[in-house]
Amino acid sequence: QVQLVESGGGLVQAGESRRLSCVASGRFLSIRAMGWYRQAPGKQRELVAAVTSGGSTNYADSVKGRFTISRDNAKNTVYLQMNSLRPEDTAVYYCNADVLNFDYNRRNYWGQGTQVTVSS
């Protein structure tokens, strides 16, 4: 079983920055891709950013140029640096990991989510 634990959420003012962290723990062979999703009230969960084990990244158009995703493979940790935050970035942010287990099956895991609220 794999656990993902997010941290770093909270209340910030528009224009400020925040960094989210997500640590994966448990027993697994490797983590392929890791990513951040978000879900605002009344909206569907959407991809914010993702990074592969090799470091390739992709971003939602709405956050390009403002958010940066990175990962530390040795620490099984993924980060989301969020700059120039806007009220529309307010959401619950979820960590996601595509994991290769010891049975050589891939499985997708989610964290419990961390709330980010941006006030205007």
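The coordinates are above.
Here the structure is a predicted model, which is why all the values come from computation and not from measurement. (Residues numbered from 1 in each chain as written. Predicted model: local features only at pLDDT ≥ 70, side-chain atom pairs only at ≥ 80, totals over all residues. Heavy atoms only, no water.)

Caption draft 1: Fine view of unusual backbone geometry. Positive phi, normally seen in glycine, also occurs at asparagine 76, with a value near 50°. Along the chain, asparagine 76 falls in the loop between β7 (67–72) and β8 (77–82). A residue is classified by how much of its surface remains accessible, and asparagine 76, at 24% relative accessible area, is partly exposed. Look at serine 84: it is not a glycine, yet its phi comes out positive at around 50°. Tracing the backbone through its elements, the reader meets serine 84 in the loop between β8 and β9 (91–100). (Helix = DSSP H or I, 4+ residues; strand = E, 2+ residues; numbered from the N terminus. Buried < 20%, exposed > 50% of the residue type's maximum accessible area, 1.4 Å probe, protein only.)

Caption draft 2: Molecular detail of a nonpolar patch on the surface. On the surface, a nonpolar cluster with roughly 350 Å² of combined accessible area is contributed by Leu29, Phe102 and Tyr104. Note on placement: tyrosine 104 falls in the loop between β9 and β10 (106–110). Exposure remark for tyrosine 104: the relative accessible area of 64% places this residue in the exposed category. (Patch = residues over 30% accessible without salt bridge, like charges linked within 9 Å, V, L, I, M, F, W, Y side chains within 5 Å. Areas by Shrake-Rupley, 256 points an atom, 1.4 Å probe, with all protein chains shown as cover. Salt bridge = Lys/Arg side-chain N within 4 Å of Asp/Glu carboxyl O.)

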